[in-house]
Number of protein chains: 6
Amino acid sequence: MQDPLSHFDEQGQAHMVDVGAKADTERRAVARGTVMMAPATLRRIREGTLAKGDVLSVARVAAIMAAKRTPELIPLCHALMLHRVAVDFELDEGASQVMITAQVTTTGKTGVEMEALTAVTVAGLTIYDMCKAMDRSMVIGEIRLLEKQGGRSGHFVRKEAVR
Amino acid sequence: MQDPLSHFDEQGQAHMVDVGAKADTERRAVARGTVMMAPATLRRIREGTLAKGDVLSVARVAAIMAAKRTPELIPLCHALMLHRVAVDFELDEGASQVMITAQVTTTGKTGVEMEALTAVTVAGLTIYDMCKAMDRSMVIGEIRLLEKQGGRSGHFVRKEAVR
Amino acid sequence: MQDPLSHFDEQGQAHMVDVGAKADTERRAVARGTVMMAPATLRRIREGTLAKGDVLSVARVAAIMAAKRTPELIPLCHALMLHRVAVDFELDEGASQVMITAQVTTTGKTGVEMEALTAVTVAGLTIYDMCKAMDRSMVIGEIRLLEKQGGRSGHFVRKEAVR
Amino acid sequence: MQDPLSHFDEQGQAHMVDVGAKADTERRAVARGTVMMAPATLRRIREGTLAKGDVLSVARVAAIMAAKRTPELIPLCHALMLHRVAVDFELDEGASQVMITAQVTTTGKTGVEMEALTAVTVAGLTIYDMCKAMDRSMVIGEIRLLEKQGGRSGHFVRKEAVR
Amino acid sequence: MQDPLSHFDEQGQAHMVDVGAKADTERRAVARGTVMMAPATLRRIREGTLAKGDVLSVARVAAIMAAKRTPELIPLCHALMLHRVAVDFELDEGASQVMITAQVTTTGKTGVEMEALTAVTVAGLTIYDMCKAMDRSMVIGEIRLLEKQGGRSGHFVRKEAVR
Amino acid sequence: MQDPLSHFDEQGQAHMVDVGAKADTERRAVARGTVMMAPATLRRIREGTLAKGDVLSVARVAAIMAAKRTPELIPLCHALMLHRVAVDFELDEGASQVMITAQVTTTGKTGVEMEALTAVTVAGLTIYDMCKAMDRSMVIGEIRLLEKQGGRSGHFVRKEAVR
């Protein structure tokens, strides 16, 4: 029986899968996650985007830079030259959280979902780092793939009912 | 009024905070997170730990290596020479998830919570990468600090009632 | 006759100099540089600091991150754990330029002037990158050490008459 | 009104610009800079190129390696696979300075001017590092793009009258 | 007379050779090396592959990750996007050694022999690191190219009679 | 029974071993290796050290830089701030090989043998890369620890009878 996980060969050894026979197609992935925090922390972040002390602009730079370094972090991930990386934040006062969305596109033989997920998590870690002086109980969560286009596996759209 | 976020100076500009006056103390941090997945995916992971195709041993190596590179990823994070990094996985069939716990220790002027949180998230991303061929709907979540010792802020223990 | 350049041994071969016998002392370095540009480019940068499209906050993050990676870039430079990195910008409309100043401190066996100089140059390169769509003739220049404290070579203060 | 700086989206947020629609064309960039120094320092460098203790060969290697890592340093810079990197030095005794010239070529969707500029600055920083034991007053300067070919913006040749 | 080493220009200066005129062809390289060790060390490694404490799975991950970073380590090596990296180990009790074989493939303008050789050496270094507590006399050796396909230099197959 | 390999915990899981209780002592390691090659290749290398096209000076820089990055390459290796790295080459015409020796020193809780071994192997790989245009049959070999001082395991001196 074939292993459903392509990252292992027949001997069960990890390898970087051969993508040489795959076509170069346009790839796009959108990932999302959240950082839940105390209302005072969220308020401080919002004030920074209007004035000085902007947490989110630092997190955005960190996320974009991390997306480019995804194959250095994820052992079996192929390197790709990314065409676009964009990271958006939405402040959700009802749920007292920052919602992080990353979009990555390229043309290549493998998808960019790991790059989008890495951007989201590093954005979350950076927000945590910058706000931890006032709030150590933040939770980074719900990191998932929203959408993925290109390649043999076709168009994936997440049926959203996470929360 | 002083900004509660020490990562900004009086002008609201991001900087790497001066830790020169801090004492070198023993530091320890424990962080945790989960990867929720389909029961079949969890089953495949469990089988790999017994035989061949071991997802978790790859994720563990990735997590330890990422912990060492935390200051390259998180812009305002100080470099530290880590004394220990350990990453444990627990397979929770009830909740259909892998629970990831990372412990990091050192002696230094700043804490190691970012290193522990980075280890957890990169473990989660690696599990996602290796299992995504069979399950694109996995969710990495509940990444939080469980415990933190050393330094002026004292002993933090999270009141766990996350789920 | 002894080579005045300590980075070479008696055979004239490059090596990373032995600093084992040096004392751990407090170290501080301040470096400065400029990016000369068209008045319209400088105006665009100034507007971004007040509203959206903030070139300097991206350059500041890049500079701080680069300071931490100095020993990866400069072959014979010793690694150090930096205590503080701060990067300031001043917009000089008279000379139509951005003035970049970086301060780095640590306690260690070698100085931090290369870290401060690296922060300044990467800030300059990032400003160039972000503004090059409107101005390809910018010049990054006058990158020099302003001040240096700690270590055997004592307190260096540059006699400023650069321009 | 549209922002002339393409590195920001309509909300003024930094992003890595989409280059997916751009054609792959041959790209070439030439950048230049100088390190001004005391005549004795320049003399020491010249002697090293003839005998042992060769500062410039170390700086050349550092510059080539840095060119390859440009997208790790410059936050919004796209990764490219470089076809050629060459770094030349000219010793100018009249002005008591080393002139650094870097040429980079590739075929791709974005230009290589940041790679050429990064090579020049890291060459300058390495020369500074290696000579600072005898001369702390060196100034790295006049870093600018000399020429750029390929891509929509056409052939740029700097009107040289920098000094 | 022309220098047979293409990594130097006519002035004898190191440069990253222009590969712009080369065709993109399928490339494949196979490299091999060994770690000679005490019989007890080899026995311990074998036991780990059956049960817990698996040295080789850690070494395999390290080798694959290192292959991707080859151009960061080898100064004049061009970056390539690798299609496949696989690392195999064979335990040779007769010679009391682990035999490491790495295969790398891609489509590109330059070959992947340096990537395959880097994977082998980092696998060897990792085995050394993990076993050095019980055996400091291990020898990493016989690292050589077995086979190479693609590009102008044609199909190279090593005439094996190394030992 | 306890595992002789400290890089695994009681469950047989890889971890970065706790060095927190170890004393900071002076550490020194010397490692050696060779690159065997055709006599014509060795001759070309020798000529370069006298004139232009100096293979060994490029390999030396690569080796020193790699030593500093050892903990990024070797998964369970602790980061250390190195005090000195020196790399020497000896041309052995009898055996038609380059002998590479690396010395590394620091003060720390763990030894620097991995740093010395990494320097030797990256020097070997760089020599291979630069000479492969004229000689694809070179063999990098006999990489071993010659000497190690500092720490609990005491003074190790290899009984040399490798060849």
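The structure presented is a predicted model; accordingly, all values stated were derived computationally and were not measured. (Residues numbered from 1 in each chain as written. Chains lettered and ligands numbered in written order. Predicted model: local features only at pLDDT ≥ 70, side-chain atom pairs only at ≥ 80, totals over all residues. Heavy atoms only, no water.)

A.B. asks: Residue-level account of the relation of the copies chain A and chain C, with values.
C.D. replies: Mapping chain A onto chain C is achieved by rotating through 180° and translating by 0.0 Å along the same axis, at an RMSD of 0.0 Å. This pairing of chains is accounted for by a two-fold axis. (Least-squares fit on C-alpha atoms with pLDDT ≥ 70 in both.)

A.B. asks: Explain the interface of chain C and chain D to me, using residue names and the numbers behind them.
C.D. replies: Contact residues are listed per partner, giving 54 residues for chain C and 54 residues for chain D. Across the chain C to chain D interface the summed buried area is about 4,500 Å²; carbon plus sulfur atoms make up 66%. Among the residues of chain C in contact with chain D, C:Leu5, C:Leu125 and C:Arg136 are the three that bury the most area, contributing 14% of the side total. The interface formed by chain C and chain D includes four salt bridges. The shortest N-O distance in the salt bridge between C:Arg69 and D:Glu72 comes to 2.7 Å. (Contact = heavy atoms within 4.5 Å. Buried area = accessible area lost by both parts, 1.4 Å probe. Salt bridge = Lys/Arg side-chain N within 4 Å of Asp/Glu carboxyl O.)

A.B. asks: An account of the relation of the copies chain C and chain D is requested, with residue identities and associated values reported.
C.D. replies: Laying chain C over chain D is done by rotating through 180° and shifting 0.0 Å along the axis; what remains is an RMSD of 0.0 Å. Both copies share a contact surface, since 100% of the interface residues of chain C are interface residues in chain D too.

A.B. asks: Tell me about the interface of chain A and chain C, residues and numbers included.
C.D. replies: Size of an interface: often given as the accessible area lost when the parts come together. Contacts between chain A and chain C engage five residues on the former and five residues on the latter. Of all residues in chain A, A:Val61, A:Met65 and A:Arg69 give up the largest surface area on contact with chain C, accounting jointly for 70% of the area buried on that side. Between the two partners, chain A and chain C, sit zero salt bridges. At the junction of chain A with chain C, the criterion picks out zero residue pairs in polar contact (both at pLDDT 80 or more). The class makeup of the residues in the side of chain A that touches chain C is three nonpolar, one polar and one charged. (Polar contact = N/O pair within 3.5 Å; in protein donor to acceptor, adjacent residues only side chain to side chain. Nonpolar A, V, L, I, M, F, W, Y, C, P; charged D, E, K, R; others polar.)

A.B. asks: Go over the arrangement of the chains with me, naming the residues and quoting the values.
C.D. replies: Spatially, chain B and chain D are disjoint, and the shortest separation between their C-alpha atoms is 10 Å. Across all C-alpha pairs, the smallest distance from chain A to chain F is 10 Å, and the two are not in contact.

A.B. asks: Explain the packing of helix 2 (residues 55-68) of chain F against helix 4 (residues 113-131) of chain F residue by residue, including any values.
C.D. replies: All names here are of chain F. Close contact between helix 2 and helix 4 brings their axes to 8 Å; oriented N to C, the two are set at 145°. Where helix 2 crosses over helix 4, the handedness of that crossing is right-handed. From helix 2, Val 55, Leu 56, Val 58, Ala 59, Ala 62, Ala 63, Ala 66 and Ala 67 reach across to helix 4, where they touch Glu 115, Thr 118, Ala 119, Val 122, Ala 123, Thr 126, Ile 127, Met 130 and Cys 131. (Axes fitted to C-alpha atoms, helices over the stretch in contact; angles between N-to-C directions. Helix = DSSP H or I, 4+ residues; strand = E, 2+ residues; numbered from the N terminus. Left-handed = near helix turned anticlockwise from the far one by under 90°.)

A.B. asks: Tell me about the UniProt feature "active site" (unreviewed entry) in chain A, residues and numbers included.
C.D. replies: The residues that UniProt annotates with the feature "active site" (unreviewed entry) are A:Asp129. The residues contacting A:Asp129, other than those within four sequence positions of it, are B:His7, B:Ile74, B:Leu76, B:Cys77 and B:Met114. (UniProt positions renumbered as here; feature names shortened; annotations may be inferred.)

A.B. asks: Just give me the short version of the pattern of salt bridges, but keep the residues and values in it.
C.D. replies: All names here are of chain F. Scanning the model with the defined rule gives 54 salt bridges over all chains in all. The salt bridge partner of Glu 93 is Arg 46, with a shortest N-O separation of 2.6 Å. Taken together, the positions of Glu 93 in the loop between strand 2 (84-92) and strand 3 (97-108) and Arg 46 in helix 1 (residues 39-50) put the pair 47 residues apart, joining distant regions of the chain. The closest approach of N and O atoms between Lys 148 and Glu 113, which form a salt bridge, is 3.7 Å. Of this pair, Lys 148 sits in strand 4 (residues 139-149) while Glu 113 sits in helix 4; the two residues are 35 residues apart in sequence, bridging distant segments of the chain.

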